[in-house]
Amino acid sequence: MEEGLGGEEYLFKVVLIGDSAVGKSNLLSRFARNEFDPNNKATIGVEFLTQELEIDGKMIKAQIWDTAGQERFRAVTSAYYRGAVGALIVYDISRKTTFESVKRWLDELTSTFLHGPFVKHFSVWLNFIPTLEPDPSLGHKCSFGCTAHCETTVARMLVGNKCDLEDIRAVSMEDGKSLAEEEGLFFMETSALNSTNVQTAFEIVIREIYNNVS
Ligand code: GDP
Ligand code: MG
């Protein structure tokens, strides 16, 4: 099975969810391009960005999905979540309502995974390659040994973004931490503006996914 160093690649789909304007698109552009957009552009303009990193000598590609603004209408479809093995649930520390929405986002994530038809009916390869057949020449290792993994293991992190806005903070770090503990999530406060913890937040999630499947 093991092909040795260099012969093996992993591709993980990670989704960004959370209320509108919490900074999802900027977290992604900061992570993948080291860019920040001070203007309120609704979306990054693509469905996902791919970022490579190395863990334990393995090349990991994280395909990170950003919404196209549909969260404004609470209209994120199950297709968005399909095949995801990691999720960052983002709120804005300066807007309490965005924190109060976290539970709803978690519910949506969970119910999509538990009840979504795709889990049972599609091959895991569909997660990775937009054709119906796996393509071994791409060198992607199937990251799931069994269906059970698909159904249960999604690495999740609660992200309190805009931690640079300390002056107008509306959600304490303690409240963030305790919600994360309650729900069994990783937790981190970030700033896409000044880069605080952005790399770390994504890396922790990706590492956890890797641990879940290796
Ligand atoms: P999305 O709707 O969740 O994708 O949010 P955006 O990434 O479009 O960001 C919404 C607004 O918040 C934009 O005006 C960003 O410039 C701003 N923003 C995003 N991240 C941060 C941050 O970490 N700190 C501050 N101060 N503003 C941010
Ligand atoms: Mg956006």
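Scope of this entry: the structure provided in the associated data block. The numbering scheme is per chain: residues are counted from 1 as the chain's sequence reads. Key to labels: chains lettered from A, ligands numbered from 1, both in the order written. It should be noted that, the model being predicted, local features are given only for residues of pLDDT at least 70 and side-chain atom pairs only at 80 or more, the latter also being counted only at that level, while totals for whole chains, interfaces and linings use all residues.

**A look at unusual backbone geometry**
The phi dihedral of K162 falls on the positive side, at around 70°, and the residue is not glycine. Put simply, DSSP marks the helices as runs of H or I at least four residues long and the strands as runs of E at least two long, and each gets a number from the N terminus on. Tracing the sequence through the fold places K162 in the loop between β5 (155–161) and α7 (173–183). Residue S195 is not a glycine yet carries a positive backbone phi of 80°. Its place among the elements puts S195 in the loop between β6 (186–189) and α8 (198–213).

**A look at the site of ligand 1**
The immediate surroundings of ligand 1 are formed by 17 residues, with G23, K24, S25, N26 and L193 found nearest. The nonpolar class holds Ala, Val, Leu, Ile, Met, Phe, Trp, Tyr, Cys and Pro. Asp, Glu, Lys and Arg form the charged class, and all remaining residues, Gly among them, are polar. Classifying every residue of the shell around ligand 1 by side-chain character gives 6 nonpolar, 7 polar and 4 charged. A residue counts as near a molecule or strand when its C-beta atom, positioned from the backbone, falls within 6 Å of it.

**Some thoughts on the packing of helix α1 (residues 24–33) against α8**
The geometry of α1 relative to α8 is characterised by a closest axis approach of 9 Å and an angle of 90° between their N-to-C directions. As judged from the angle between their axes, α1 and α8 are roughly perpendicular. Residue-level contacts link L27, R30 and F31 of α1 to V198, Q199 and F202 of α8. Tallied by class, residues from the contact of α1 with α8 come to 4 nonpolar, 1 polar and 1 charged. Here an angle of 0 to 180 degrees is reported between the N-to-C directions of two axes, which are lines fitted to C-alpha atoms, with helices fitted over the stretch in contact. Working definition: roughly parallel below 35 degrees, roughly antiparallel above 145 degrees, roughly perpendicular at 65 to 115 degrees, and oblique for all remaining angles. We call two residues in contact when their backbone-placed C-beta atoms lie within 7 Å.

**What about the pairing of strand β1 (residues 9–18)?**
Across the 10 residues that make up β1, a large majority, 9, are buried. Paired strands, in this sense, are two strands between which DSSP finds at least two bridges. Pairing geometry for β1 and strand β3 (residues 58–65), over 7 bridges, is parallel. Following the sheet pairing, Y10 is matched in β3 by I60. Relative to strand β4 (residues 86–92), β1 is paired through 5 bridges, and the arrangement is parallel. Note that in β4 the partner of G18 across the bridge is V90. Three exposure classes are used. Buried residues have 20 or more other C-beta atoms within 10 Å of their own C-beta, exposed residues have 12 or fewer, and partly exposed residues fall in between, all C-beta atoms being placed from the backbone.

**Quick look at the nonpolar core**
Joining buried Ala, Val, Leu, Ile, Met, Phe, Trp, Tyr and Cys residues through C-beta atoms within 7 Å gives a set, and that set is a nonpolar core. Judged by nonpolar contacts, the single largest core of 47 residues is most densely connected at F12, V14, V15, L16, L88, I89 and V205. Setting aside residues up to four positions removed in sequence, L16 forms contacts with K24, L27, L28, I64, W65, D66, T67, L88 and V90.

**Considerations on the sheet that holds β5**
Spatially, 6 strands are ordered β2-β3-β1-β4-β5-β6 in an open sheet, and the strand pairing comes out mixed. Edge positions in the sheet fall to β2 (48–55) and β6, since each of these pairs with one other strand and no more. Averaged over all adjacent pairs, the angle separating strand axes in this sheet is 25°, with direction ignored. The sheet contact formed by β2 and β3 spans 8 bridges and is antiparallel. Within β3, the residue paired with E52 across the bridge is K61. Across the sheet, α7 touches β5 and β6, and the angle it forms with β6 is around 160°. Docked against the sheet, α8 engages β1, β2, β3, β4, β5 and β6, running at close to 170° with respect to β5.

**So, the environment of N39**
You can see N39 is positioned in the loop between α1 and β2. When the 4 C-beta atoms within 10 Å are taken as the criterion, N39 is described as exposed. Once the C-alpha coordinates of N39 and M173 are considered, the two residues, 134 residues apart in sequence, prove to be 26 Å apart.

So, to be careful, I would describe these as geometric facts and stop short of saying anything about function.
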